[in-house]
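Results of the structural survey
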2 protein chains.
Amino acid sequence: MKAAVSLPYSGNLLLHHLQSSAPRCCSSTILPPPSSSLLFITSPKTHYHNTNRPRLFNTVRTPTTTSISALSSSMGSSFKPEQARVPPALQLPTPPITKFKIGLCQLLVTADKERNIAHARQAIQDAAKKGAQLVVLPEIWNGPYSNDSFPVYAEDIDVGGDASPSTAMLSEVARVLKITIVGGSIPERCGDKLYNTCCVFDTEGKLKAKHRKIHLFDIDIPGKISFQESKTLTAGETPTVVDTEVGRIGIGICYDIRFQELAMLYAARGVHLICYPGAFNMTTGPLHWELLQRARAVDNQLYVATCSPARDASAGYVAWGHSTLIGPFGEVLATTEHDEAIIISEVDYSQIELRRTNLPLEKQRRGDLYQLVDVQRLNSQGNA
Amino acid sequence: MKAAVSLPYSGNLLLHHLQSSAPRCCSSTILPPPSSSLLFITSPKTHYHNTNRPRLFNTVRTPTTTSISALSSSMGSSFKPEQARVPPALQLPTPPITKFKIGLCQLLVTADKERNIAHARQAIQDAAKKGAQLVVLPEIWNGPYSNDSFPVYAEDIDVGGDASPSTAMLSEVARVLKITIVGGSIPERCGDKLYNTCCVFDTEGKLKAKHRKIHLFDIDIPGKISFQESKTLTAGETPTVVDTEVGRIGIGICYDIRFQELAMLYAARGVHLICYPGAFNMTTGPLHWELLQRARAVDNQLYVATCSPARDASAGYVAWGHSTLIGPFGEVLATTEHDEAIIISEVDYSQIELRRTNLPLEKQRRGDLYQLVDVQRLNSQGNA
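This section reports on the structure supplied with the text. These figures come from a predicted structure and were not determined experimentally. Within any chain, residue numbers begin from 1 and follow the written order of that chain's sequence. Labels follow written order: the first chain is A, the first ligand is 1, and so on. Whole-chain, interface and lining totals are the exception, using all residues; otherwise, since this is a predicted model, local features are given only for residues with pLDDT of at least 70 and side-chain atom pairs are given and counted only at 80 or more. Computation of side-chain values covers all heavy atoms of the structure but excludes hydrogens and water.

1. Points about the sheet that holds strand S17 (residues 370-374) of chain A
Pairing within the open sheet is mixed, and its 4 strands lie in the order S1(A)-S17(A)-S17(B)-S1(B). For this open sheet the edge positions go to strand S1 (85-86) of chain A together with strand S1 (85-86) of chain B, each flanked by a neighbour on one side alone. The pairing criterion for strands is at least two bridges between them, as found by DSSP. Per the convention used, a helix needs a DSSP run of H or I reaching at least four residues, while a strand needs a run of E reaching at least two, with both numbered from the N terminus. Pairing analysis gives 2 bridges linking S1(B) to strand S17 (residues 370-374) of chain B, with the strands arranged parallel. By the bridge assignment for S17(B), Val86(B) is matched with Val373(B). Of the strands in this sheet, S1 and S17 of chain A together with S17 of chain B touch helix H10 (residues 375-382) of chain A, which is tilted by about 70° from S17(A). By the convention used here, residues are in contact when the closest approach between their heavy atoms is within 4.5 Å. Axis angles are defined between N-to-C directions and span 0 to 180 degrees, where every axis is a line fitted to C-alpha atoms and, for a helix, only to the segment in contact.

Structural data, given as structure tokens:
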């Protein structure tokens, strides 16, 4: 074991680098980092990503002299599974509730914004009446999905009230019905920028998180589907994890689901459920929609819920539909076709622990060979 | 732009850390690293991972003063997609051949080793006769898949000849038939250790790479399937990438496929095709076998080929079968049920470029938010 090195900022990789000059017995041996690199993190009390941007995680460092021994007794393996995520993965937090019903509202969206808001309100009420404690809406549910429409239907969410009738409605129904809402997405106007934004409301109607689509949908499959969200939209700057009354939820919007790194990062932040409001299309939908959802769930051993608009064959962008709930074994728990539908299904977080016991992937990862770095969480620790 | 900092070893993360003390305009802004962190890598000439363990990659660093401007003109984005892989992803190399036929030999394996070797030889000859230039065999094809059998059927591959009749046969048929063989796997004895090992032979019969299963199959699904490879086997120490006459191939064995990081790492090393010899079982097979293959292919936009033993319902471990070839859009190009079969199908590497143009994921990744580190490649550069 090498002596501890005092460094201003921690992180395994930094130490890997500094250690590179040390003699090694063979090319593939990675020396364990000095103890100063090992951060032990308690399950954060509150780290909602809201518009005030508090630091993402509260971290607790163990004393330098004890952390290595604590690590070796708890981890054991020479393959450094705990280093496969940087910072190390957080323990799965105990959710406030283990079993609950989720409602996925696959809504038909029209050009009439007032109608869309009233229609979504009704669907949320129906889902709540059927017992849903968490309701998820589709991507872009307050108007058509098109670059022409985004500026027209955009709302100033931070100003709220009349400046954002769509989210004002969500806040109100969440409070009245005492449910959590993952509000799909609407075009958001902020200064001179537009975002594709998902708002999460708690049971008191409070805006708990706002996710701006991180990966803009810029694709070109000639003769099939071409779209460039970046013509009008700006990409978000941060992943979004929110603690709710129905567990810790990570948010992604549509194309975000193609980036496996985001789901891995959410899993390492202790997320129980990833919600992806998303409008796949008639080309990528049949090819990849279910595949990607199941892959994110099985690889990260957590729940995945998606919610699409219903299909309108006459729309400029025709959505695939097929909103779905996936369990942590990659199993399709509930799904639908492309018409309007409200899916009500049960989430049982005990399944996460069960599957992670069956297949203990987290303990089997090879941190000596690969590491996924959560850049913002790492930086927030460095500045703690 | 900050001034370049001279450091003994490079890597974006190191520089992130050193920069953490710099003032930042907001919590999610990541400053660009100084130019010394940017490694530009030429497509390596030869970097076979063979038993002599040469350094994995030859790297070329651009002069410190020019690398930042080169980067900004070539990448453009403020999201640092090139930093989503550390070291930066290699360009996809031009393969020696664009289109060729692959043969997947789903073999019935018995307790009779001599018969298994003769049977595999015949299947390879049949596949070559049908035009296969690359033939893939199943996981553990020279004897039963069980902890009791591994030591009995194990061979000393490094000694070769009579000490390894299974690989001697593979070498001979590869040379005689002038084909590339990804030789499934056999139990390997090396000193007092046993490995689950895949050998790759070139068209001259030369052993080009040896992959020892990195992630041992230790799972426990009560009442369904429990297995602990670690009771008898030792895990391999390194990912395996090999340049062959049919392109750059990454190797994984069975349970290795569950670890998405390995496939991501292979993609960043410029692999065209990942071959996973694997024997999923009657529980995980129907649940996950095709799902995982398709996920690895679509997320990394490359070809995936799997080869399972045929099903023997009377065996101690009953294999799922369903050997499959997947294209870079996650599409099933060829597959089979559980009986013995030789799948012949066409690989067309031009599809990789096509799909990466359709969905330019590599340019859309958010290196400012997440980074996958290839630890050994990074270290090999640090010591270059």
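2. Description of the packing of aromatic side chains
Residue and element names in this part refer to chain A. Here is the rule: rings of Phe, Tyr and Trp (six-membered ring for Trp) pair when centre to centre is within 6.5 Å. Planes less than 30 degrees apart are stacked, more than 60 are edge-to-face, and the remainder are tilted. Tallied over the entire structure, the rule returns 22 aromatic pairs over all chains. Taking 4.6 Å as the distance between ring centres and 50° as the angle between the ring planes, the aromatic pair formed by Tyr 145 and Tyr 317 counts as tilted. Here Tyr 317 lies in the loop between strand S13 (303-307) and strand S14 (324-326) and Tyr 145 lies in the loop between strand S3 (132-136) and helix H4 (149-153), a separation of 172 residues in the sequence. Each member of the pair, Tyr 145 together with Tyr 317, is buried. Classification of residues uses two cut-offs on accessible area relative to the type maximum, computed with a 1.4 Å probe and protein chains only: under 20% is buried, over 50% is exposed, and between them is partly exposed.

3. What about the pattern of salt bridges?
We define a salt bridge as a contact between a side-chain nitrogen of Lys or Arg and a carboxyl oxygen of Asp or Glu at a distance within 4 Å. Here the structure, examined in full by the defined rule, presents 32 salt bridges over all chains. With a closest N to O distance of 3.3 Å, Glu261(B) and Arg365(A) form a salt bridge. In this pair, Glu261(B) is assigned in helix H6 (residues 260-268) and Arg365(A) in the loop between helix H9 (361-364) and S17, connecting two distinct chains. Its relative accessible area of 1% is what places Glu261(B) among the buried residues. On the basis of relative accessible area, Arg365(A) is assigned to the buried category, the value being 10%. Arg121(B) is the partner of Glu172(B) in a salt bridge, and the nearest nitrogen-oxygen pair spans 3.3 Å. Of the two residues, Glu172(B) is situated in helix H5 (residues 165-177) and Arg121(B) in helix H3 (residues 113-129); the sequence distance between them amounts to 51 residues.

4. Quick word on the side chain of Asn196(B)
Residues and elements named next belong to chain B. Its location among the elements puts Asn 196 in strand S6 (residues 193-201). Overall, Asn 196 belongs to the buried group, its relative accessible area being 1%. Throughout this description, a polar contact denotes any pair of N or O atoms lying within 3.5 Å of each other; where both atoms belong to protein, one of them has to be capable of donating a hydrogen while the other can accept it, and for residues adjacent in sequence the pair is counted only when both atoms sit in side chains. A polar atom in the side chain of Asn 196 sits 2.9 Å from the side chain of Glu 139. Not counting the four nearest positions on each side in its chain, Asn 196 is found in contact with Glu 139, Ile 140, Ser 185, Ile 186, His 211, Arg 212, Lys 213, Glu 229, Leu 233 and Ile 253.

5. Section: the sheet that holds S14(A)
All names here are of chain A. Pairing is mixed in the open sheet, where 6 strands are placed in the order S10-S11-S12-S13-S14-S15. Edge positions in the sheet fall to strand S10 (240-244) and strand S15 (332-335), since each of these pairs with one other strand and no more. Strand-to-strand, the axes of this sheet are offset by a mean angle of 20°, without reference to chain direction. Direction of pairing for S14 relative to S15: antiparallel, over a ladder of 3 bridges. Looking at S15, one finds that Ile 326 is bridged to Val 332.

6. Overview of the environment of Phe201(A)
Residue and element names in this part refer to chain A. When you line up the elements, Phe 201 lands in strand S6 (residues 193-201). Among the residues examined, Phe 201 registers a relative accessible area of 4% and is labelled buried. Other than its neighbours up to four places away in sequence, Phe 201 contacts Thr 167, Leu 170, Ser 171, Ala 174, Ile 179, Thr 180, Ile 181, Lys 206, Leu 207 and Lys 208.

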